[in-house]
Amino acid sequence: MSDYTSSVNKHYGKAGLFERISDQIVESGKDISALTCDDLSSYDELHIGGRGETRNMSKLAGITKGKAVLDVGSGIGGPARTLAGEFGAQVTGLDITEEFCRTASEFTKLVGLSDKISFKCGSALEMPFEDESFDVVWTQFAAMNIPERSKLYREMFRVLRPGGTLAIHEIMGASDTPMKFPVLWAPDESISFVRPAVWVRNELAEVGFKENHWNDLTEFSIRWFQKKLNIGEDGKVARESASLSGADGFTEQASNVVQNMQDGAIVVIQTVWHKPNKT
Ligand SMILES: C[S@@+](CC[C@H](N)C(=O)[O-])C[C@H]1O[C@@H](n2cnc3c(N)ncnc32)[C@H](O)[C@@H]1O
């Protein structure tokens, strides 16, 4: 395992994650043998806006029954289960964190979606897929951990079929204002690779994608997180989120993310592009 891979695994993949979340679900009075995606939704959508933003981007990206979707940086599988369970997509999740891949597969089995979703552990910079394999390439809050961004976008272009859709929801840079750490995706700069929004937009066009939508969700994201942090004061959300990090750092990390948005250091962008058809 490279130093980079092991640092990302160390940040996200605290051992026993599936068991920790399962215990909390049982403690909250739910029957784990009759688990639903709703029971998981406050644990498994690891991006600002939660499942609501997954649904919004699904609509923008035209996800419909049977579409082959690649979720890059699929986490513990929340977005994949939403895309498959609610929109009927056939989803492949790719993630570099081994513990996340195991947790994603276990919960997907428990909610009965294993025929529609598979997870592969691997790097987004060397995708283990044939050219033109997917109708949609999807990613939420993963690229800010990925260093060679031009390579990432070239890989996304390669595995997408002509006419296919690229959907991105992520944090991007907005100014030279330095970011406060720790944040939810990184303890410090060593695994944080936030790129300026202007640069990302140019780079996607450079690689060959054509833009359909570009939405700045920063104001909404600030309000969403402030609400989540307030809810956290009575313990509920903070405890659920801490179960992911295996530590109590959630409040400080989330507060820094809000501060970084308010300082104008970062923005949250949701953007949809397509790969032109062959002429
Ligand atoms: C903040 S989580 C988001 C997970 C998921 N997209 C979601 O929204 O619920 C970021 C994810 O990106 C993954 N990731 C980071 N670098 C990666 C890489 N080079 N290749 C694949 N996955 C990566 C992490 O392991 C982690 O699961």
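Residues numbered from 1 in each chain as written. Predicted model: local features only at pLDDT ≥ 70, side-chain atom pairs only at ≥ 80, totals over all residues. Heavy atoms only, no water.

S.K.: For this particular structure, what's the right way to read unusual backbone geometry?
M.R.: Trans is the prevailing form of peptide bonds, just as negative phi is the prevailing case for residues other than glycine. Looking along the chain, the bond that leaves Phe181 and enters Pro182 is cis, with omega of 0°. Structurally, the position occupied by Pro182 is in the loop between β5 (160-173) and α8 (197-207). Its identity as a non-glycine residue notwithstanding, Glu132 has a phi of 55°, on the positive side. Mapping Glu132 onto the fold places it in the loop between β3 (117-121) and β4 (134-140). (Helix = DSSP H or I, 4+ residues; strand = E, 2+ residues; numbered from the N terminus.)

S.K.: Mind showing me how you'd approach the sheet that holds β4 here?
M.R.: Strand pairing in a sheet relies on backbone hydrogen bonds. The paired strands run either parallel or antiparallel. Across the sheet, 7 strands lie side by side as β3-β2-β1-β4-β5-β7-β6; this open sheet has mixed pairing. Single-partner strands in this sheet number two, and they are β3 and β6 (210-216). Averaged over neighbouring strand pairs, the angle between their axes works out to 15° when direction is ignored. As paired strands, β6 and strand β7 (residues 266-274) are joined by 6 bridges and run antiparallel to one another. The residue of β7 that forms the bridge with Trp214 is Thr271. Sheet strands touched by helix α6 (residues 98-110): β2 (90-95) and β3. Its angle to β3, the strand with the most contacts, is close to 165°. (Pairing = 2+ DSSP bridges. Axes fitted to C-alpha atoms, helices over the stretch in contact; angles between N-to-C directions. Contact = heavy atoms within 4.5 Å.)

S.K.: Just to check I follow, could you spell out the site of the ligand for this structure?
M.R.: The ligand sits among 23 residues. The nearest are Leu46, His47, Gly73, Asp95 and Thr97. Taking Gly73, its main chain carries an N or O atom lying 2.7 Å from a nitrogen atom of the ligand. For the ligand, an oxygen atom lies 2.5 Å from a polar atom in the side chain of Asp95. Protein chains bury 98% of the 600 Å² of accessible surface belonging to the ligand in isolation. Class assignment of the residues belonging to the shell around the ligand gives a composition of 11 nonpolar, 9 polar and 3 charged. (Near = heavy atom within 4 Å. Polar contact = N/O pair within 3.5 Å; in protein donor to acceptor, adjacent residues only side chain to side chain. Areas by Shrake-Rupley, 256 points an atom, 1.4 Å probe, with all protein chains shown as cover. Nonpolar A, V, L, I, M, F, W, Y, C, P; charged D, E, K, R; others polar.)

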